[in-house]
Amino acid sequence: MQSTDLGNKESGKIWHRKPSPATRDGIIVNIIHNTSDYHPKVLRFLNVAFDGTGDCLIAGDHQGNIYVFDLYGNRFNLVQRTAQACTALAFNLRRKSEFLVALADYSIKCFDTVTKELVSWMRGHESSVFSISVHASGKYAITTSSDTAQLWDLDTFQRKRKLNIRQSVGIQKVFFLPLSNTILSCFKDNSIFAWECDTLFCKYQLPAPPESSSILYKVFAVTRDGRILAAGGKSNHLHLWCLEARQLFRIIQMPTKVRAIRHLEFLPDSFDAGSNQVLGVLSQDGIMRFINIQTCKLLFEIGSLDQGISSSVISPHGRYIASIMENGSLNVYSVQALTQEINKPPLPLVKVIEDLPKKKLSSSDLKMKVTSGRVQQPAKPRGSKIQTRILKQDLTGDFESKKNELPDGLNKKRLQILLKGYGEYPTKYRMFIWRSLLQLPENHTAFSSLIDKGTHVTFLNLQKKYPIKSRKLLRVLQRTLSALAHWSVIFSDTPYLPLLAFPFVKLFQNNQLICFEVIATLIINWCQHWFEYFPNPPINILSMIENVLAFHDKELLRHFIDHDITSQLYAWPLLETVFSEVLTREEWLKLFDNIFSNHPSFLLMTVVAYNICSRVPLLNCNLKDDFEFFFHHRNNLDINVVIRQVYHLMETTPTDIHPDSMLNVFVALTKGQYPVFNQYPKFIVDYQTQERERIRNDELDYLRERQTVEDMQAEVDQQRVEDEAWYQKQELLRKAEETRREMLLQEEEKIIQQRQRLAAVKRELQVKEMHLQDAARRRFLKLQQDQQEMELRRLDDEIGRKVYMRDREIAATARDLEMRQLELESQKRLYEKNLTENQAAVAKEMRADADAHRRKVDLEEHMFHKLIEAGETQSQKTQKWKEAEGKEFCLRSAKKASALSDASRKWFLKQEINAAVEHAENPCHKEEPRFQNEQEDASCLPRTSHLNDSSEMHPSTQISLNRRAVEWDTTEQNLIQKVRNLRQRLTAQARHRCQTPHLLAA
């Protein structure tokens, strides 16, 4: 284990010799930070985070020093001093050189690792931020503290939303699900919610865990595909949630020594498509155990009781684990070294026992006694016979079986049967099968030594010749080609190597080691004898293809010869691009499933089969350009037909021209170190290398000389330009001086002219002022005259208005008098009607009284006749008394009727007079109620005295009043006369009633 002390250095190497981590601990390097001050002390690392590539990590200590460690380039750099402890880090932003750091003052800052400058400063939290989660796109980030979570836009560094909660319910963690647009929020009451990032709409809530295994969740982890959520806390139980089904599907119980879980994180794998199966569990004892969540087996562990782990992070590609130890140091682990024992293939089921090399083995010598399943020694002749079973071993079958056995427990024959049945391998397991078929050794150390040599000079300007849109793909292609060139010098001069490697680089761009070893295995086995005629195409390989084509399709070959089409045109373009130009991705993968599963001659037979299956369009081609276009572009061809044709050619081609007789069988790369590749004319390559080096040196000398000449020429040109600029400047100054002088003269002349114009203007203004004063005086006089005329017109209007109002009042008074006359007439008619009705009622009453009296008189007469004999004296007295009573009754009735008639006449006349007086005095007022009580009538009587005052009344009013007074007198006389007549009639009736008893008595 190597140890590196950062000390006071701001940059340097992480390790000074190539690390070789041991399988038992897997530590690549241990990084510590000791100060070399007067009182040395250890600066403890607090947080660590990987970038998106997984080759760089960032770490911060408790004094605010933030370092970037480049594990690929073996460099570390101090990028920032924040002067305060960092509480959280994030290094996977959209801009790869930027990172987020949460500080002890509750703020979040964004720095650039290249410029080492502050990009943005975000505030808003009121407590320490302990988690930063970045969206997969790098556009958004969520910062979490104990009381709130905030969503930030990393393009503008503005806060978009804020999650506030009750103080009683704290936040455990809020984070983005990988490769999705979902936010998962976990609270201290075990409630877990999923939110849509854009709309913040609540998608779902996970149900509560069962009471039998209820724990308070503290830590969480999610697989790369976002399907499984692992949760743990102060317990040795782990809960696994299926986020698609939204239910708890498994509970894992850790060993009894685990009492609490401090951290969880899934271990990524390049071949599991994001459905991670290995989970790292950091417990309270400082040991991080990695378990398989499907088999629930403990795979390996890091840390110990003496060197406990405080926190850990795993790189996105799953190669490294960075752990902060409890002593404050930083350990970097190699996952490959830790899993080396786990990834070993299982032991083969068949074991071959080899005999001593002194004597040959035969089938009769390989006989063993097997009884009851136990292995016995070879049989010895004895007297007694023992029943035994004789097993004969087939040497040829064992050899073939051993040859077909592949790593990871696969069998090549079975894979070929599967391939012939389905035509291709399953997409999910294709890469795994390829690795087994090619028997890749995965030499990380050897590959790292090739990568550490940097970019080969031949491929420095690769993007100019092969402009690839994806920068990542271009970088991986450049690294792979450089590694191949460092492996063998021939590949630095191979012009078609980028075309050969590109489809594999695109397929394995996330695993450069596998990509390199696949290409190297392809070159060693399927590209045999390609470089014997370097730098020319492999004439021998092309001759093999031409011989096979001549045997199977002479007509097509004759057509090629007639049109001067050689194998360098109809075969070599397919080989140097490994069919990537003429096939789609799916067709290419299907083809190479068959190529990697068969003899290396299968690739050459594929070229022949492609031409034979395309014979119809090829026979119709007559121009060389048409042939070139055909073999460099995709054509309408069924790849399944081509593959069937290849198998047919492999079986029907004679042995003397069959390529498998001239090509070696498959040979895998060696374990540990890659084999030496020298299957090429070394002298030609060395000569080309020397010539290229000489040309490069000559070119460098020429460039240096040209640079020197250009610098001298630039200095001369600069001096000439400066001289010309100085002369031009002097000339401009002279011209400017002359111009300024002319401008001064012109300005003086203009000033004199302006003064003259100003004096003339002053005179004109004085004259205008005098005229204005005179005009103002005249305007004032005219205004006074207009005001006087206006006042006169106003007075005239007032007089006319008053006259008009007077006429209107007179007319209104006349109309009122007419209305009053009409009302008097109607009242008169009403009074006469009432009087008639009263008279009729009185007459009716009198008739009723007369009838009653008559009946009474009859009764009295009858009684009189009966009682006449009673005594004459008594009857006379009684008759006299009745006569006296009748007279008195008649007199009272006459007086009462006369008084009532006089009162009614007086009251009616009084009301009419009062109404007329009121109307004469207030003609504009509304008419008040006509009838008042007798006291009001009495109070109004004195007003009649005003009628005699003719001086206070208008003449017309006086005339109308006199006329009305005459009419009232006439009306009064008529009423009096009627009343007298009525009274006379009533008196006559009363007399008649009074006389009736006397008549009856007589």
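See the structure shown above.
Since we're looking at a predicted model, the values are computed, not measured.

A.B. asks: Sorry, what's going on with the sheet that holds strand E26 (residues 288-292) here?
C.D. replies: Strand pairing in a sheet relies on backbone hydrogen bonds, with the paired strands running either antiparallel or parallel. The sheet built from four strands is open, its strands ordered E24-E25-E26-E27 with antiparallel pairing. Taken across any chain shown, the strands that pair with only one partner, and hence form the sheet edges, are strand E24 (261-267) and strand E27 (297-302). Taking each pair of neighbouring strands and ignoring which way they run, the sheet shows an average axis angle of 25 degrees. When E24 meets strand E25 (residues 278-283), the two strands line up antiparallel, connected through six bridges. Along E25, the bridge assignment pairs Ile261 with Ser283.

A.B. asks: In this structure, what is going on with helix H8 (residues 497-507)? I would like to understand it.
C.D. replies: Every α-helix carries 3.6 residues per turn, so stepping three or four residues along brings you back to the same face. With eight of eleven residues buried, H8 is to be regarded as a mostly interior element. For H8, the secondary structure elements touched by its buried residues are helix H4 (430-438), helix H6 (462-465), helix H7 (471-487), helix H9 (512-525), helix H13 (572-576) and helix H14 (585-596).

A.B. asks: I keep staring at the side chain of His239 and nothing clicks. Help me out?
C.D. replies: By the element assignment, His239 lies in strand E22 (residues 237-242). Of note is the side chain of His239, whose polar atom sits 2.7 Å from the side chain of Tyr217. Beyond its immediate chain neighbours, meaning those up to four positions away, His239 contacts Pro209, Ser213, Ile215, Tyr217, Leu229, Ala230, Ala231, Leu248, Arg250 and Ile251.

A.B. asks: How should I be thinking about a positive patch on the surface in this particular structure?
C.D. replies: Taken together, Lys96, Arg471, Lys472 and Arg475 make up a surface patch of like positive charges. As for its position among the elements, Lys472 is in helix H7. Residue classification places Lys472 among the partly exposed positions, given a relative accessible area of 38%.

A.B. asks: Explain the side chain of Asn65 to me, please; I cannot follow it from the model alone.
C.D. replies: Looking at the element boundaries, Asn65 is found in strand E6 (residues 65-70). Here the side chain of Asn65 touches Arg81 through a polar contact of 3.4 Å, side chain to side chain.

A.B. asks: Help me understand the pairing of strand E1 (residues 2-5), please; the structure alone is not making it clear to me.
C.D. replies: Walk down a regular strand and you will see the side chains alternate between the two sheet faces. Burial of E1 is one-sided: the residues Gln2 and Thr4 facing one way are buried, the residues Ser3 and Asp5 facing the other way are not. Looking at chain direction, E1 and strand E3 (residues 27-32) are connected through four bridges and run parallel. Residue pairing for E3: Gln2 is matched across the bridge by Val29.

A.B. asks: Any chance you could explain a nonpolar patch on the surface here in plain terms?
C.D. replies: A surface patch of nonpolar side chains, about 260 Å² in accessible area, is lined by Leu700, Tyr702 and Leu703. Its location among the elements puts Leu700 in helix H19 (residues 682-867). With relative accessibility at 37%, the residue Leu700 sits in the partly exposed group.

A.B. asks: Would you explain the nonpolar core in this entry?
C.D. replies: The nonpolar side chains of a soluble globular protein tend to be buried, and buried together. In this structure, Trp434, Trp487, Phe504, Leu575, Phe579, Trp588 and Phe596 are the most contacted members of the largest nonpolar core, which totals 104 residues. Broken down by element, the residue count for this core peaks at ten residues, all from H9. Sequence-distant contacts of Trp487, defined by excluding residues within four places in its chain, comprise Leu450, Phe516, Ala520, Ile524, Tyr674, Pro675 and Phe677. Judged by nonpolar contacts, the second largest core, of 22 residues, contains Ile31, Tyr67, Phe76 and Val332.

A.B. asks: What exactly am I supposed to notice about the packing of H7 against H9 here?
C.D. replies: Relative orientation and spacing of two packed helices are given, respectively, by the angle between their axes and the distance between those axes. With their axes 10 Å apart at the nearest point, H7 and H9 run at an angle of 50 degrees to one another. Comparing their axes, H9 and H7 come out oblique. With respect to the hand of their crossing, H7 and H9 are arranged in right-handed fashion. Along its contact with H7, which presents Val476, Arg479, Thr480, Ala483, Leu484 and Trp487, the element H9 presents Gln512, Cys515, Phe516, Ile519, Ala520 and Ile524. When its residues are assigned to classes, the contact of H7 with H9 shows nine nonpolar, two polar and one charged.

Reading the values: the criteria
- Residues numbered from 1 in each chain as written.
- Predicted model: local features only at pLDDT ≥ 70, side-chain atom pairs only at ≥ 80, totals over all residues.
- Heavy atoms only, no water.
- Pairing = 2+ DSSP bridges.
- Helix = DSSP H or I, 4+ residues; strand = E, 2+ residues; numbered from the N terminus.
- Axes fitted to C-alpha atoms, helices over the stretch in contact; angles between N-to-C directions.
- Buried < 20%, exposed > 50% of the residue type's maximum accessible area, 1.4 Å probe, protein only.
- Contact = heavy atoms within 4.5 Å.
- Polar contact = N/O pair within 3.5 Å; in protein donor to acceptor, adjacent residues only side chain to side chain.
- Patch = residues over 30% accessible without salt bridge, like charges linked within 9 Å, V, L, I, M, F, W, Y side chains within 5 Å.
- Areas by Shrake-Rupley, 256 points an atom, 1.4 Å probe, with all protein chains shown as cover.
- Salt bridge = Lys/Arg side-chain N within 4 Å of Asp/Glu carboxyl O.
- Lys, Arg positive; Asp, Glu negative; His and termini not counted.
- Charge placed at Lys NZ, Arg CZ, Asp CG, Glu CD.
- Core = buried A, V, L, I, M, F, W, Y, C linked by side-chain atoms within 4.5 Å.
- Parallel < 35°, antiparallel > 145°, perpendicular 65-115°, else oblique.
- Left-handed = near helix turned anticlockwise from the far one by under 90°.
- Nonpolar A, V, L, I, M, F, W, Y, C, P; charged D, E, K, R; others polar.

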